[in-house]
Amino acid sequence: MSDNDNLEITLESTPYIPEIFGTQDSNLKLIEKNFQVTITARDNSIKLSGPSSSVSKVERLFHQLFELMDSGHSVFNGDIKHAIRLFSNDENTDLKSILSERIILPGSQTQIIPKGKNQKTFIRCIKDSNITIAVGPAGTGKTYLAVALAVEGLLTKKFKRIVLTRPAVEAGESLGYLPGDITEKINPYLMPLFDALYNMLDPQRVQTMIQENIIEIAPLAYMRGRTLSDSFIILDEAQNSTQEQMKMFLTRLGANSKMVATGDITQIDLANSKKSGLVEANSILKNIEGISIVSFNHTDVVRHPIVQKIIQAYEKKNSQG
């Protein structure tokens, strides 16, 4: 049978049809659109019909979702959509392996599940390493996952505080002319980190933690001379650190601490005379035990699907010179 031959199969005894199909069958329609198959359901059975290669792929997708649910995993509407995206990119995707690497925030119903292989690798690297460097385009979840693991570590008392920092390149690291104290001066540059925090914790609780210095906010230039112990430290937009700043940042690591540096080396805002510390670190630190480096690409983008296409278009333009 060739890939273009039509195939019709029936999956019997599938009690998870409502969860998988989604509200008003939205997920079912998405599967049909992505894989060019027709899906019909009756009682507890699902009939698939279409090109044989597509039907086989959707059959594997359903069986993996059934297996997840049988093993007790809660699979939400958004998870189904991400599973569809993963199978569209790679039909050999192991959903159980990816979706089982969860971040669970104590005291809430929030569970954060990786949306792809690289996100899973990133989470595992942060858990297993002292320092993790993540390089890749916007929208791949680098900052969000780093903040989630920082919050999890804080709430489970693995760390005593979270330190958030970022190069204030647009202000030339000279923040004195801005109104307010140092926290208010640097806040505009840390909004992606705040967005993630507010998504995981009550905003008032975040503000209380900032006031009590449990969550510390500082521009990268203010890290010099410090040793950061019992802390989860996140450097966002690391591509805009200079080589000297990145070395300074990485050598602040103290006892019982983790560091994560994230950035997109295609969006460097440094003056032409300065080289990115993230680019250098990505090159020279690969073989040091305790340091992990994770690379994301356009297939890892988890924002609106059009964002992935935009990134691809720019990557194609840049590769053509």
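For the structure itself, consult the block above.
Notes on the structure follow.

Conventions and cut-offs
- In this convention, every chain numbers its residues from 1, walking through the sequence in written order.
- Whole-chain, interface and lining totals are the exception, using all residues; otherwise, since this is a predicted model, local features are given only for residues with pLDDT of at least 70 and side-chain atom pairs are given and counted only at 80 or more.
- Note: side-chain values were computed over all heavy atoms of the structure, leaving out hydrogens and water.
- The aromatic pairing rule takes the rings of Phe, Tyr and Trp, using the six-membered ring of Trp, and pairs them if the centres are within 6.5 Å, calling planes under 30 degrees apart stacked, those over 60 edge-to-face and the rest tilted.
- Strands here mean DSSP runs of E at least two residues long; helices mean DSSP runs of H or I at least four residues long; both are numbered from the N terminus.
- Classification of residues uses two cut-offs on accessible area relative to the type maximum, computed with a 1.4 Å probe and protein chains only: under 20% is buried, over 50% is exposed, and between them is partly exposed.
- When DSSP finds two or more bridges between two strands, those strands count as paired.
- Here, the term right-handed applies to a crossover whose path from the first strand over the helix to the second runs clockwise when the strands point away from the viewer.

## Points about the packing of aromatic side chains
Right, so step 1: Throughout the structure, instances matching the rule amount to four aromatic pairs.
Right, so step 2: Measuring from ring centre to ring centre gives 5.6 Å for Phe-122 and Phe-296, while their planes differ by 85°; the resulting arrangement is edge-to-face. Here the residue Phe-122 occupies a position in helix α6 (residues 117-128), and Phe-296 occupies one in the loop between β11 (291-295) and α13 (305-319), the gap between them amounting to 174 residues.
Right, so step 3: The class for Phe-122 is buried, based on a relative accessible area of 0%.
Right, so step 4: When its relative accessible area of 7% is taken as the criterion, Phe-296 is described as buried.

## Focus on the pairing of strand β10 (residues 258-263)
Right, so step 1: For β10, a buried count of six out of six residues is recorded, marking the element as mostly surrounded by other parts of the structure.
Right, so step 2: With burial as the criterion, each face of β10 is covered, one bearing Lys-258, Val-260 and Thr-262 and the other bearing Met-259, Ala-261 and Gly-263.
Right, so step 3: Relative to β10, strand β6 (residues 131-135) runs parallel, the two being bridged by five bridges. Its bridge partner being in β10, Val-135 is matched across the sheet by Gly-263.
Right, so step 4: Here strand β9 (residues 231-235) runs beside β10; their pairing, made up of four bridges, is parallel. Within the sheet, the bridge partner assigned to Ile-233 lies in β10 and is Met-259.
Right, so step 5: Taken together, β9, helix α11 (residues 243-250) and β10 constitute a β-α-β crossover, and its handedness is right-handed.

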